[in-house]
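# Structural features, examined
Spelled out, the chains give:
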Amino acid sequence: RKDMKRLSLLDLGFFITETKDSPKHVAGLMIFKKPAGAPENFVHDLYEEFRSFDEPVEPFNQVIDFIALGGPRWRTADEFDIDQHVFYHRPEKVLTRRKLFDGAARLHTPELDRTRPLWEFHIIDRVQGGRFAIYSKIHHAYADGVTLVDWTARGLSESREDLEVKPVWVSLRKRRRRRASKQATAYMLRNLVTGSLSRYKTTKGLAKLVAQLALEQVGLTRNAVSLPFRSGGHTELTGRTVPERQFAKASVPMSDVQRIRDMCRATLNHVALTCVDGALHRYLEEQGEDPRRPISIQMPVSLRSKGDRKEGNRIGLVTVDLANRTSDPYERLREIGFTLRNVRNQVDNVPPDSVVMYSIITGLGAQLTEMFGLSDVLPPISDTLVSNVPGPRNPLYLKGALLEEMCPVSTLMPGNRLNITLFSYAGTLHFGLIGTRQLGDLSKLADYIEQAFVDLEKAVFHPRSEIERPSKGRRKGRAKKARSA
């Protein structure tokens, strides 16, 4: 069929690694404030308006075909029923934030039906404070996080006065028509030549990554790269997963993040991971763990060129060791900054396709461990996954309703029970936490992230405050560096 599109290896990987216990869809929870003077049936009328858009464009009308000639492909669904994708929820009692998060976690638990286009859109009425929410989920094989945020923003407006409803499933541009036959022939010939060269570069880059890991493993380099699948790497965050999910969120002002960045010449990732690292150590200690080694994370790295808005995924996954155990937030910040610079150098020195291939190989190893029920025995790739997806800087609106919060709700990697996604929106940095019910209360971890940020601010701007330091001499040295940075 002419409308069929082949999946990339990375997109196919999200189907290969998907299980009932670990579905591979991602989602967003958006919380809106109703416009002043909105009628009682405002949210239900909005739902009916969304339902009226029942002719979706690609990829929202696509289903997966695993037995297509030439390999798994996307194809246009033979039938489409909007009522299988757009839903309205009106609870009997007004939902608190905690109840809303619990409801989002329940919606996030089940797999999407592969016989239909792989997305759902849930409108939730009666949220505390004259609010409503939208929970939307979509299979990760459709696109990566950066693309999904771009799609979501297109369905909203930067003006309160703009009352047009623009559902994302009808607002995307359709793909260009296929090239004329002569152009297609020339493209195929050119691709035959460049493809061979690209495969050579990819293989060479992959060999370089493997060599770096081997040197680190045998001790010829130290902290040059982070090693996946380390022995003795199990914590409460890793192991066999169960389907039930829980969700929590932490938030900090972007203006305060920027102050720390300016003072310490740090990036947003440096600051955010410092908070995550401190919070995870505290959280694990309360669970009876004593992680003396650095906590390791997988971090998605965008491999898209500027302006690339194609569907599908263009990311690589690299392993990152966070800081050694310390009670000094400033020391943690410096150590994580050093580690992330090493990772960036590692990624930048090889072709993007090499990073993709490395991610597929390590992911396959983790998936085989999970498939054979060995997640509680063999070491995981890392303790958890932390990603960073930049969001819109300006406030957005839906039919005059202000979008107050955008909360990322991601997926779990094989052998991991927790995922943390950073998302910046309209002056606030949000930490979206999704995990299994096997973990303790994730709302505590969210609180610890916010407290870790407060501790980091004190360490940077008030270095003589009562924060435990390794030694008096080192404290003065670091305080001097912080003030001069």
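This is a predicted model, so every value here is computed, not measured. (Residues numbered from 1 in each chain as written. Predicted model: local features only at pLDDT ≥ 70, side-chain atom pairs only at ≥ 80, totals over all residues. Heavy atoms only, no water.)

## Remarks on the overall build of the chain
The number of helices and strands found in the chain is 12 helices and 15 strands. Considering the chain as a whole, with its 485 residues, one finds that 52% of them fall into the buried category. In the chain, of all internal contacts separated by at least 6 residues, the share reaching a separation of at least 24 is 78%. Summed over all atoms, the accessible surface of the chain reaches about 23,700 Å², with 52% contributed by carbon and sulfur. (Helix = DSSP H or I, 4+ residues; strand = E, 2+ residues; numbered from the N terminus. Buried < 20%, exposed > 50% of the residue type's maximum accessible area, 1.4 Å probe, protein only. Contact = heavy atoms within 4.5 Å. Areas by Shrake-Rupley, 256 points an atom, 1.4 Å probe, with all protein chains shown as cover.)

## Some details on the sheet that holds strand β13 (residues 401-409)
The strand order β5-β6-β7-β2-β13-β12 describes an open sheet built from six strands, whose pairing is mixed. Sheet topology places β5 (86-89) and β12 (397-398) at the edges, where each strand pairs with a single neighbour. Sheet analysis places β5 next to strand β6 (residues 119-127), joined by four bridges and oriented parallel. Directly across from Tyr 88, in β6, lies its bridge partner Ile 123. Where helix α2 (residues 42-51) meets the sheet, it contacts β5, β6, β7 (131-139), β12 and β13, and its direction lies at approximately 170° from that of β5. (Pairing = 2+ DSSP bridges. Axes fitted to C-alpha atoms, helices over the stretch in contact; angles between N-to-C directions.)

## Here's the deal with the pattern of salt bridges
Per the counting criterion, the structure on display carries 22 salt bridges. Here Asp 150 ties to Arg 154 by a salt bridge, and the two come within 3.0 Å at their closest N and O atoms. Of this pair, Asp 150 and Arg 154 both sit in helix α4 (residues 145-154), separated by four residues, roughly a single helical turn. Asp 150 sits in the buried class, given a relative accessible area of 18%. A relative accessible area of 27% means that Arg 154 is categorised as partly exposed. One network of salt bridges, with partners in common, ties together Lys 34, Glu 40, Arg 90 and Asp 125. (Salt bridge = Lys/Arg side-chain N within 4 Å of Asp/Glu carboxyl O.)

## As for a nonpolar patch on the surface
Taken together, the side chains of Ile 16, Leu 364, Leu 368, Met 371, Phe 372, Leu 374, Val 377 and Leu 378 define a hydrophobic patch exposed on the protein surface, amounting to about 770 Å² of accessible area. The element that contributes the greatest number of residues to the nonpolar patch is helix α10 (residues 352-371), accounting for three residues. Structurally, the position occupied by Leu 378 is in the loop between α10 and β11 (384-390). (Patch = residues over 30% accessible without salt bridge, like charges linked within 9 Å, V, L, I, M, F, W, Y side chains within 5 Å.)

## Some remarks on the side chain of Asp 125
On the secondary structure map, Asp 125 appears in strand β6. At a separation of 2.7 Å, a polar atom in the side chain of Asp 125 contacts the side chain of Tyr 88. Sequence-distant contacts of Asp 125, defined by excluding residues within four places in its chain, comprise Lys 34, Val 43, His 44, Tyr 88, His 89, Arg 90, Pro 91, Leu 95 and Phe 132. (Polar contact = N/O pair within 3.5 Å; in protein donor to acceptor, adjacent residues only side chain to side chain.)

## Quick word on the sheet that holds strand β1 (residues 5-6)
Backbone-to-backbone hydrogen bonds pair the strands of a sheet. The strands run either parallel or antiparallel. The sheet built from three strands is open, its strands ordered β1-β4-β3 with antiparallel pairing. Both outer strands of the open sheet, β1 and β3 (62-65), are each paired with one neighbouring strand and no more. For β1 and strand β4 (residues 73-76), the ladder comprises two bridges, and the chain directions are antiparallel. Each bridged residue has a counterpart across the sheet, and for Lys 5 the counterpart in β4 is Trp 74.

## Describing α4
Buried within α4 we find Thr 147, Leu 148, Val 149, Asp 150 and Trp 151. In this structure, the buried side of α4 is in contact with β2 (25-33), β7, α5 (168-171), β11 and β14 (418-425).

## Regarding the environment of Leu 317
Structurally, the position occupied by Leu 317 is in strand β10 (residues 315-321). In this structure, the C-alpha to C-alpha distance between Leu 317 and Val 355, residues 38 residues apart in sequence, is 7.4 Å.

## Digging into the pairing of β11
Successive side chains on a regular strand alternate, one facing one side of the sheet and the next facing the other. With five of seven residues buried, β11 lies mostly within the body of the structure. Bridge analysis of β11 against β14 gives six bridges, and the strand direction is parallel. Across the sheet, residue Leu 385 finds its bridge partner in β14, namely Asn 419.

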